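Read off the chains here:
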Protein chains: 6
Amino acid sequence: MTQTASRYRFLLIHAFSLPSTSPYLHRPIEGPKEARLPNHELVKPVLEGIEWDLHPGPQAPYGDWAVENREEFALVAAGRLPIVKEACASGKYNAIVLLGGGEPGFMESREIARAFGIPVTACAFSQMHIACMLGNKFSIIDLAESHNMYYYNLVIQHRFDHRCASIRNVHIPFMRPGHESALTPQGERQKALRGERSEMVERALREAVCAIEEDGAEVLTFGCSATFWLKPFVEKRLAEIGWEIPVLEGYSSAIALAKMMVDLGVSASGLTFPGDRPKQWRRKKTF
Amino acid sequence: MTQTASRYRFLLIHAFSLPSTSPYLHRPIEGPKEARLPNHELVKPVLEGIEWDLHPGPQAPYGDWAVENREEFALVAAGRLPIVKEACASGKYNAIVLLGGGEPGFMESREIARAFGIPVTACAFSQMHIACMLGNKFSIIDLAESHNMYYYNLVIQHRFDHRCASIRNVHIPFMRPGHESALTPQGERQKALRGERSEMVERALREAVCAIEEDGAEVLTFGCSATFWLKPFVEKRLAEIGWEIPVLEGYSSAIALAKMMVDLGVSASGLTFPGDRPKQWRRKKTF
Amino acid sequence: MTQTASRYRFLLIHAFSLPSTSPYLHRPIEGPKEARLPNHELVKPVLEGIEWDLHPGPQAPYGDWAVENREEFALVAAGRLPIVKEACASGKYNAIVLLGGGEPGFMESREIARAFGIPVTACAFSQMHIACMLGNKFSIIDLAESHNMYYYNLVIQHRFDHRCASIRNVHIPFMRPGHESALTPQGERQKALRGERSEMVERALREAVCAIEEDGAEVLTFGCSATFWLKPFVEKRLAEIGWEIPVLEGYSSAIALAKMMVDLGVSASGLTFPGDRPKQWRRKKTF
Amino acid sequence: MTQTASRYRFLLIHAFSLPSTSPYLHRPIEGPKEARLPNHELVKPVLEGIEWDLHPGPQAPYGDWAVENREEFALVAAGRLPIVKEACASGKYNAIVLLGGGEPGFMESREIARAFGIPVTACAFSQMHIACMLGNKFSIIDLAESHNMYYYNLVIQHRFDHRCASIRNVHIPFMRPGHESALTPQGERQKALRGERSEMVERALREAVCAIEEDGAEVLTFGCSATFWLKPFVEKRLAEIGWEIPVLEGYSSAIALAKMMVDLGVSASGLTFPGDRPKQWRRKKTF
Amino acid sequence: MTQTASRYRFLLIHAFSLPSTSPYLHRPIEGPKEARLPNHELVKPVLEGIEWDLHPGPQAPYGDWAVENREEFALVAAGRLPIVKEACASGKYNAIVLLGGGEPGFMESREIARAFGIPVTACAFSQMHIACMLGNKFSIIDLAESHNMYYYNLVIQHRFDHRCASIRNVHIPFMRPGHESALTPQGERQKALRGERSEMVERALREAVCAIEEDGAEVLTFGCSATFWLKPFVEKRLAEIGWEIPVLEGYSSAIALAKMMVDLGVSASGLTFPGDRPKQWRRKKTF
Amino acid sequence: MTQTASRYRFLLIHAFSLPSTSPYLHRPIEGPKEARLPNHELVKPVLEGIEWDLHPGPQAPYGDWAVENREEFALVAAGRLPIVKEACASGKYNAIVLLGGGEPGFMESREIARAFGIPVTACAFSQMHIACMLGNKFSIIDLAESHNMYYYNLVIQHRFDHRCASIRNVHIPFMRPGHESALTPQGERQKALRGERSEMVERALREAVCAIEEDGAEVLTFGCSATFWLKPFVEKRLAEIGWEIPVLEGYSSAIALAKMMVDLGVSASGLTFPGDRPKQWRRKKTF
């Protein structure tokens, strides 16, 4: 419908893409956008009424496996910026949603997009902000040691170290050369969707309960986007044993936050993300 | 429109009402809901697509003047809770928006509404959370000494003391018995809307600039709802002198946040706002 | 004795009262004031030399059971304020002590009483402040999930989140309609006073030891006033197993703190609790 | 009077003494104890009902001038400990009050005295704790640059860095060899008591107003004990210009706090100040 | 000398290089390494005894002007990582020093180098850590609004927000297309070295004094490496007016810190910068 | 060698010495300096190229056993200051390294030495600062309950409470009168050096693993200098089970830090450690 369409026009950008020949492909790279958006069923309600495009993200320059460590994140971050810049300049979108749990290039994208008055949201940022609206402390369920510690820095950068109860690791990383495994995030997702027992769901549940009982988590979030599919499974299992705890995931959080920013007509502060030669400048900044 | 209508069904509740005979009436108490919602012009865009009702709030039990100090806030907070309870039980709404800058009864309303799965937002909470998405630090522009210090406690309770650069006081309080004044928030608003010079706008601008240059504010918010009308005036004036700073106000912030919570299907954590005898309980809580 | 009498003239105010017909009566409502002051034996030494009256507090407006959740606290808070106001205006007292672990109406009462130069103390505030004089961190032993989380907000409001090691829950709440139980705080107290095994003492001891060994507590305090009777039992048991840890309870803490404030001639800062139109006001407040 | 006498039996210990031949004598060293207690008129009301002795403190080992820098504080701290030890062992006292603004030897004295169940209070500790009961932030008015920075460490050690708005320096230090001056704390006090204009009062007032208006102080305290006499002068002057702010000083604060500890039967946590081989010990300590 | 040579073998890597045809060349790109290391005279003493090579850094991919904003930093960060990787793999170096005030790629470089047991230091990190050894708070003198706010994030990421008094801006940015100026960091440096009046020195001095007197700085550091040359000028001028304050600059700080890490045989924690599949992993991480 | 000799000329000062007749002698008191420096083998590499002398420290004035509690630390702190003063005045040294885990007299020594432009480092300070360069959080392995809590105050004073994961106690204190034991730090060291099983190594390992897995430590440090010998044993054992965690010890940390300060020509800020009558002084200090 025309009116709604003009209200929210979003570009969703993946963190990175792998070549079609990669043995480590972690998501469908063909088909309609809905098929190329992992866990589309989870975010469908939030996407309702939004006109959206999906960009595959920059191709990973370091190899054909998924991003996990700081080095890989920095490389795809750099690759993402021209995409954001072009999207802003195109005039087609009024918000940009960075997919990918580790939000490579998020701060830089906000700097770029603010000059256009366009909000940018991302999955870690959005989950953390929303989690702190719902409870005193939140925990993060994540999948790999190196990714945990990269994410640790995001928690600090977004200034949630006093509200983050813990990062919990289910230790089911992506495969990468030399690290093949029968246990993968994608495989576990398939099992769970088929109604089979999934070790990843079990571990996530175990870590969730520890996060609640030991770490003080009152809200749960996820780290790497390859864990986002766990949301309904963990939520349901926790509810069954009596824990009335909100469980967020990154895609819907980032999309909903972008909607809110569009509703309010805000993107980011020009003092926080100044242009190169702003009209006004401040002699001092304090913390 | 049917579809949109069913998505967001909000009850907006004023903090308190004054008897129609009050010499200190601070807002219209008759006419269509739009007329009884101060600064409707500001929030109209955000309200678009929302089915909403407006409740006048409890009548102030302490007298016929506006709420400003802690005692008065506590009294109207108590009066607001039955209204929230009834609204939740009515099944008519999927979110409740507490109007009023000082959000009396907010935490209690969340406790009540969570059991119904209904989100409650309020103006201080919403502005602060959104401000911290846009910049490192925010300041609050407010109107009375007693209200400032009541609000100070809200900043602490919502855990934004490390992000709040300052509360700035324009010192134009409401009138109350024994404290008549030619300078009132409502009168200043009228002047500004007529395009006349408003002392309140000038003071707000002065405090805003000091907040930016001295206190480190990167986003501006407002305290008492009687200051919310200042938003476009302050924003425009700051932009004219080159400060590219987002200026929020409480009503649209609270409404937009409520939309977001409805979009995500969240209200509040059951661990943070537990029922009386929850199925699960925690042996310890940490900070 | 005349001299002492004139030095400390206190009004102790219960948090709320229940109708005499209530099946959930939680304390004696008849007899001399000593009988109507729970655990009088514990506070008698501190009360020595103090002229005191005891007010039953406002009658609970929501029902005939004890306060536990945020809603109930807000309602009795509102009811307490006129009592405080009248007591201040009476000229009979030079300090007001708010009984009740959750200190409903404390901040508002301080605002009211400061204008009279009268200090107001309350049980959470007093225990926390004193605990931090004695050790690095303290824990709180409390009795119900909803009360814990209400109390959590008090810890934050009083700014002790960095000093509070934990809130520990013995999970023996008051009875309320639909939640009858053989295990009640009052019943457990009777058992303990009779020298019988009390499950509540055992649980409190278990939580106390965990607070010490796991959470880092170096001082112990109590939450709901219905746990205050545990103090000598927990203290003694801990001492027997070798833990030399101070155990505070709310009544004596609040009374002793009120004495100290009277001794020093202080009540509260007029900048923190300003009157409605103070002679001086501040352009900015910082955190 | 017998009854009162047995309740509070205090030893007040000066931070240090100077030889009677010193040209820098900073307080009377002869006469009744009241004459040897500076500003006795200020603390007399708090001392009422207390049996007290006054110890001159250790003689300064480094020279014949007053303590100001860290080195001098460390030396007199060492000298004070045997005095505290002997006082505890004597059985004559149930509280020890360390006079002297910089409280040399305070933590060590608490360690010593706790084994005897005897509370020790001191002037910095007491003022800071009490100040935080009265307002959100406090400032410290002090007299010398080196003393300021020594005191800065006390603020951190007592964990009040988030509550201390500022240390303000009137820059009127003690005289010491090579640093003679017409302007001395003692001389200024005499002028003020005689009703003459005192530069020290004027500077303290100026710094107090800046502390209130710029730094956010809501309570005022003093640093070096040679500034304590300023309390009534600063308080009165501030009240005259409309600032309703509590002004504390160290002696009465420390004495009142000691009374409170005696009332409650507490001294310090045995976990915070453990004996050499405590019965129980903790595997871990956290912050 | 052989022995010394083998002890410290460092590679210094510039943040980025510009093409020789750039009109915005900001440092010599020819000649011996000493000539290509800006302010070599400042760091010469610290370099004594170190075998070092100098790498020009990656060529800026976005244009031919100097890095200032977040986007530009992200792009050169990505370019720097292969250089670090190759240097580590070469076996020629036992430490890597990242030149450039904004330390692009620092965290990623540490991740890469830790696997080789090689420490990496950088200019912001090193100055901040060393500053906090010397005083309670430090300020940063920097040159451009966008760079300030990029640097702001570094302060947070390195967790110095509670120790950083302020970022002070002299507002003399690099030239870039469309922003030509007669006032440049390099030009000012030449003036100062020739003994002429330099506006940049004057502004830096003004900001330094404000940082000391208003913000509470007790140590001074610099932001962008184009301000490092100011160190001796600011230090001398401050000393002349009596401020005994240490002034650090990034190159010598980073080199000295690298030496210290080599001396101790440490690089970074393997838990903080884990490899892709570490032998041990942690179920939870806390803040 | 002449050149090196002139670069680093250090005096290492023990915390205290015991009389040769003491039954509790904790280190060799005769022989060459290398023999009198415990764990010389550990620090030898760091000492390379440094000209150093070793001072035995002040003789313990309280008895003939090792320092452990606050009182004993205060007494030897006072005894250390004249040694530091004399060393500074001698002109022989360009840095002073305070041995002893609890660094008695450290702050005072810095005050004294700064006037001479001489850096002073100590073992707690140095380990904590370096640990925070290597990882997010560190733990401290220590040996006695009283020492733990004294050390707790050092962590706070050096402002590392947010970075210190825990103090872990192996509970093998020194012997002292009335507390003889078969298990001593020195005896355990001998066993470990002989390749025998050492209970102290086992306990340290157990606490180290708990610090890593439960407390969040990413770097390990030691408390009392009598635990420093554990470094290589703990490090090796942890590495064997796969924990790639840096383990620091105090002597080498303090020496390496002193070298770094000499390299940079810094000692301490004159604003933090002002002289008695500095040329400039600040009206306010903030936190």
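Predicted, not measured: the structure shown is a model, and the values here were computed from it. (Residues numbered from 1 in each chain as written. Chains lettered and ligands numbered in written order. Predicted model: local features only at pLDDT ≥ 70, side-chain atom pairs only at ≥ 80, totals over all residues. Heavy atoms only, no water.)

### A few points about the overall build of chain A
Turning to step 1, where the next piece is worked out: Within chain A, the secondary structure is distributed over 11 helices and eight strands.
Turning to step 2, where the next piece is worked out: The C-alpha atoms of chain A give 19 Å as radius of gyration, which agrees with the globular expectation for 287 residues (19 Å, within 12%).
Turning to step 3, where the next piece is worked out: Judged by the C-alpha coordinates and their principal axes, chain A covers about 55 × 45 × 40 Å.
Turning to step 4, where the next piece is worked out: Counting every position in chain A, which comprises 287 residues, the buried fraction comes to 69%.
Turning to step 5, where the next piece is worked out: Just so you have it, chain A exposes about 8700 Å², and 52% of that area is on carbon and sulfur atoms. (Helix = DSSP H or I, 4+ residues; strand = E, 2+ residues; numbered from the N terminus. Rg over C-alpha atoms; globule rule 2.2 N^0.38 Å. Buried < 20%, exposed > 50% of the residue type's maximum accessible area, 1.4 Å probe, protein only. Areas by Shrake-Rupley, 256 points an atom, 1.4 Å probe, with all protein chains shown as cover.)

### A short note on the interface of chain B and chain C
Turning to step 1, where the next piece is worked out: Taken residue by residue, the interface counts 54 residues in chain B and 54 residues in chain C.
Turning to step 2, where the next piece is worked out: Across the chain B to chain C interface the summed buried area is about 5500 Å²; carbon plus sulfur atoms make up 54%.
Turning to step 3, where the next piece is worked out: Three residues stand out in chain B for area buried against chain C, namely Arg277, Arg283 and Phe287 of chain B, and they jointly supply 16% of the buried area on that side.
Turning to step 4, where the next piece is worked out: Put simply, chain B and chain C have 16 salt bridges between them. (Contact = heavy atoms within 4.5 Å. Buried area = accessible area lost by both parts, 1.4 Å probe. Salt bridge = Lys/Arg side-chain N within 4 Å of Asp/Glu carboxyl O.)

### A look at the confidence of the model for chain A
Turning to step 1, where the next piece is worked out: For chain A, per-residue confidence averages 96 on the pLDDT scale, and residues scoring 70 or more make up 98% of the total.
Turning to step 2, where the next piece is worked out: Scored as a whole, the predicted complex attains pTM 0.98, and scored at its interfaces, ipTM 0.97. (pLDDT = per-residue confidence, 0-100.)

### Looking at the sheet that holds strand β3 (residues 95-98) of chain B
All names here are of chain B.
Turning to step 1, where the next piece is worked out: Strand order in the open sheet made by the four strands is β2-β1-β3-β4, with parallel pairing throughout. Edge positions in the open sheet fall to β2 (51-55) and β4 (120-122), since each of these has one partner strand only. Each strand axis lies, on average, 20 degrees off the axis of its neighbour in the sheet, ignoring direction.
Turning to step 2, where the next piece is worked out: Looking at chain direction, β3 and β4 are connected through three bridges and run parallel. Following the sheet pairing, leucine 98 is matched in β4 by alanine 122. (Pairing = 2+ DSSP bridges. Axes fitted to C-alpha atoms, helices over the stretch in contact; angles between N-to-C directions.)

### Some details on the relation of the copies chain B and chain C
Two copies of the chain are present, and they differ by a rotation about an axis and a shift along that axis.
Turning to step 1, where the next piece is worked out: The two copies are related by a screw operation: chain B maps onto chain C through 180 degrees of rotation and 0.0 Å of translation along the axis, at an RMSD of 0.0 Å. This pairing of chains is accounted for by a two-fold axis. Closest to the rotation axis within chain B is the C-alpha of glutamine 157 of chain B, separated from it by 2.6 Å.
Turning to step 2, where the next piece is worked out: Most of the interface of chain B is mirrored in chain C, where 100% of its interface residues are also at the interface. (Least-squares fit on C-alpha atoms with pLDDT ≥ 70 in both.)

### Description of the interface of chain A and chain B
Frequently, the measure chosen for interface size is the accessible area removed from exposure when the parts meet.
Turning to step 1, where the next piece is worked out: With 63 residues of chain A in contact, the opposing surface of chain B contributes 63 residues.
Turning to step 2, where the next piece is worked out: Here chain A and chain B share an interface that buries about 5000 Å² over both sides, 53% of which is from carbon and sulfur atoms.
Turning to step 3, where the next piece is worked out: Of all residues in chain A, Met133, Glu244 and Gln280 of chain A bury the most surface against chain B, accounting for 13% of the area lost on that side.
Turning to step 4, where the next piece is worked out: In this structure, the connection of chain A to chain B is made through eight salt bridges.

### A closer look at the pattern of salt bridges
Turning to step 1, where the next piece is worked out: With the rule as written, the count across this model stands at 162 salt bridges over all chains.
Turning to step 2, where the next piece is worked out: A salt bridge links glutamate 207 of chain F to arginine 283 of chain D, with the shortest nitrogen-to-oxygen separation between them at 2.7 Å. One end of the pair, glutamate 207 of chain F, is in helix α9 (residues 199-215); the other, arginine 283 of chain D, is in the loop between α11 (250-264) and β8 (284-285), on a second chain.
Turning to step 3, where the next piece is worked out: Since its relative accessible area comes to 0%, glutamate 207 of chain F is described here as buried.
Turning to step 4, where the next piece is worked out: In this structure, aspartate 215 of chain F engages lysine 284 of chain D in a salt bridge whose closest nitrogen and oxygen atoms are separated by 3.7 Å. Of this pair, aspartate 215 of chain F sits in helix α9 while lysine 284 of chain D sits in strand β8, each in a different chain.

### Comments concerning the domain arrangement of chain A
Residues and elements named next belong to chain A.
Turning to step 1, where the next piece is worked out: One can read the domain layout of chain A as domain 1 (8-122 + 251-264) and domain 2 (125-249).
Turning to step 2, where the next piece is worked out: For domain 1 versus domain 2, the distance between C-alpha centres works out to 20 Å.
Turning to step 3, where the next piece is worked out: Of the roughly 2600 Å² buried between domain 1 and domain 2, counting both surfaces, carbon and sulfur atoms make up 55%.
Turning to step 4, where the next piece is worked out: Sorting the residues of domain 1 by area buried against domain 2 places Tyr24, Glu68 and Arg70 first, and these three jointly supply 25% of that buried surface.
Turning to step 5, where the next piece is worked out: At the boundary of domain 1 with domain 2, the tally comes to three salt bridges.
Turning to step 6, where the next piece is worked out: The salt bridge involving glutamate 68 is made with arginine 176; its shortest N-O contact spans 3.8 Å. (Domains from an automatic or database assignment.)

### A look at the environment of arginine 189 of chain C
Residues and elements named next belong to chain C.
Turning to step 1, where the next piece is worked out: Within the secondary structure, arginine 189 is located in helix α8 (residues 185-193).
Turning to step 2, where the next piece is worked out: Linking arginine 189 and tryptophan 229, residues 40 residues apart in sequence, is a C-alpha distance of 6.9 Å.
Turning to step 3, where the next piece is worked out: In contact with arginine 189, other than residues within four places in its own chain, are Asn39, Glu41 and Trp229.
Turning to step 4, where the next piece is worked out: Among the polar contacts made by the side chain of arginine 189, one reaches the side chain of asparagine 39 at a distance of 3.0 Å. (Polar contact = N/O pair within 3.5 Å; in protein donor to acceptor, adjacent residues only side chain to side chain.)

### With respect to the side chain of serine 253 of chain C
Turning to step 1, where the next piece is worked out: Along the polypeptide, serine 253 of chain C turns up in helix α11 (residues 250-264).
Turning to step 2, where the next piece is worked out: On the basis of relative accessible area, serine 253 of chain C is assigned to the buried category, the value being 0%.
Turning to step 3, where the next piece is worked out: Engagement of the side chain of serine 253 of chain C in a polar contact is seen with the backbone oxygen of glutamate 249 of chain C, the distance being 2.7 Å.
Turning to step 4, where the next piece is worked out: Discounting residues that sit within four places of it in the chain, serine 253 of chain C has contacts with Ser126, Gln127, Ile130 and Leu248 of chain C together with Leu264 of chain D.

### Considering the relation of the copies chain A and chain B
Turning to step 1, where the next piece is worked out: It takes a turn of 180 degrees to lay chain A on chain B, together with a shift of 0.0 Å along the axis; the resulting RMSD is 0.0 Å.
Turning to step 2, where the next piece is worked out: Looking at chain A, 100% of its interface residues are interface residues in chain B too, so the copies touch through the same face.

### Observations regarding unusual backbone geometry
Residue and element names in this part refer to chain D.
Turning to step 1, where the next piece is worked out: Phi is positive for asparagine 39, which is not a glycine, with a value near 55 degrees.
Turning to step 2, where the next piece is worked out: Note on placement: asparagine 39 falls in the loop between α2 (33-36) and α3 (40-47).
Turning to step 3, where the next piece is worked out: On the accessibility criterion, asparagine 39 (4% relative accessible area) is buried.

### Considering the packing of aromatic side chains
Aromatic ring pairs: the centre-centre distance and the angle between the two ring planes describe each pair.
Turning to step 1, where the next piece is worked out: Tallied over the entire structure, the rule returns 48 aromatic pairs over all chains.
Turning to step 2, where the next piece is worked out: Considering the side-chain rings of phenylalanine 106 of chain C and phenylalanine 125 of chain C, the 5.0 Å spacing of their centres and the 50 degrees angle between planes classify their relative orientation as tilted. Taken as a pair, phenylalanine 106 of chain C in helix α5 (residues 106-114) and phenylalanine 125 of chain C in helix α6 (residues 123-134) lie far apart in primary sequence, 19 residues in all. Summarising the burial analysis for this pair, phenylalanine 106 of chain C and phenylalanine 125 of chain C share the class buried.
Turning to step 3, where the next piece is worked out: Ring centres 3.9 Å apart and planes at 0 degrees place the aromatic pair phenylalanine 73 of chain E and tyrosine 150 of chain E in the stacked group. (Phe/Tyr/Trp six-rings, centres within 6.5 Å; stacked < 30°, edge-to-face > 60°.)

### Things to note about the pairing of strand β3 (residues 95-98) of chain F
Residue and element names in this part refer to chain F.
Turning to step 1, where the next piece is worked out: Going residue by residue along β3, you find Ala95 and Val97 tucked away on one face and Ile96 and Leu98 tucked away on the opposite face as well.
Turning to step 2, where the next piece is worked out: Note: strand β1 (residues 9-13) against β3, four bridges, orientation parallel. Paired with leucine 11 across the strands is isoleucine 96, a residue of β3.
Turning to step 3, where the next piece is worked out: Handedness of the crossover joining β3 and strand β4 (residues 120-122) through helix α5 (residues 106-114) is recorded here as right-handed. (Right-handed = clockwise from strand over helix to strand, strands pointing away.)

### Quick look at the packing of helix α6 (residues 123-134) of chain D against α11 of chain D
Residues and elements named next belong to chain D.
Turning to step 1, where the next piece is worked out: With their axes 8 Å apart at the nearest point, α6 and α11 run at an angle of 80 degrees to one another. Put simply, α6 runs roughly perpendicular to α11. Facing Cys123, Phe125, Ser126, Gln127 and Ile130 of α6, the residues of α11 in contact are Gly250, Tyr251, Ser253, Ala254, Leu257 and Met261.
Turning to step 2, where the next piece is worked out: Class assignment for the residues of the contact of α6 with α11 results in seven nonpolar, four polar and no charged. (Parallel < 35°, antiparallel > 145°, perpendicular 65-115°, else oblique. Nonpolar A, V, L, I, M, F, W, Y, C, P; charged D, E, K, R; others polar.)

### Concerning the arrangement of the chains
Turning to step 1, where the next piece is worked out: The two units chain A and chain D never meet; even their closest C-alpha atoms stay 13 Å apart.
Turning to step 2, where the next piece is worked out: Structurally, chain B and chain F remain out of contact, their C-alpha atoms never closer than 13 Å.

### Considering helix α10 (residues 230-240) of chain C
Residues and elements named next belong to chain C.
Turning to step 1, where the next piece is worked out: Taken residue by residue, α10 has Leu230, Lys231, Val234 and Leu238 as its buried positions. All buried residues of α10 lie within an arc of 100 degrees about the axis, which places them on one face of the element.
Turning to step 2, where the next piece is worked out: The inward-facing, buried residues of α10 contact α9 (199-215) and β7 (219-222).
Turning to step 3, where the next piece is worked out: Immediately beyond the C-terminal end of α10, within one or two residues, lies glycine 242, with a positive phi of roughly 100 degrees. (Arc of directions from axis to C-beta.)

### A few points about the sheet that holds β1 of chain F
Residues and elements named next belong to chain F.
Turning to step 1, where the next piece is worked out: With respect to topology, four strands assemble into an open sheet ordered β2-β1-β3-β4, the strand pairing being parallel. A single partner strand is all that each edge strand has here, and the edge strands are β2 (51-55) and β4. If you compare each strand with its neighbour and ignore which way they point, the axes differ by 20 degrees on average.

### A short note on the environment of methionine 261 of chain F
Turning to step 1, where the next piece is worked out: Looking at the element boundaries, methionine 261 of chain F is found in helix α11 (residues 250-264).
Turning to step 2, where the next piece is worked out: Separated by 240 residues in the primary sequence, methionine 261 of chain F and threonine 21 of chain F have C-alpha atoms spaced 38 Å apart.
Turning to step 3, where the next piece is worked out: Once you skip the residues sitting within four places of it in the chain, methionine 261 of chain F turns out to touch Met133 and Leu134 of chain E together with Arg110, Pro119, Thr121, Phe125, Val266 and Ser267 of chain F.

### Things to note about the packing of helix α4 (residues 70-90) of chain A against helix α5 (residues 106-114) of chain E
Turning to step 1, where the next piece is worked out: As a packed pair, α4 of chain A and α5 of chain E sit with axes 8 Å apart at the nearest point and diverge in direction by 140 degrees. Here α5 of chain E runs oblique to α4 of chain A, going by the angle between their axes. In the crossing of α4 of chain A with α5 of chain E, the sense of the turn from one axis to the other is left-handed. Along the contact surface, α4 of chain A presents Arg70, Glu71 and Ala74 of chain A, while α5 of chain E presents Met107, Glu108, Glu111 and Ile112 of chain E. (Left-handed = near helix turned anticlockwise from the far one by under 90°.)

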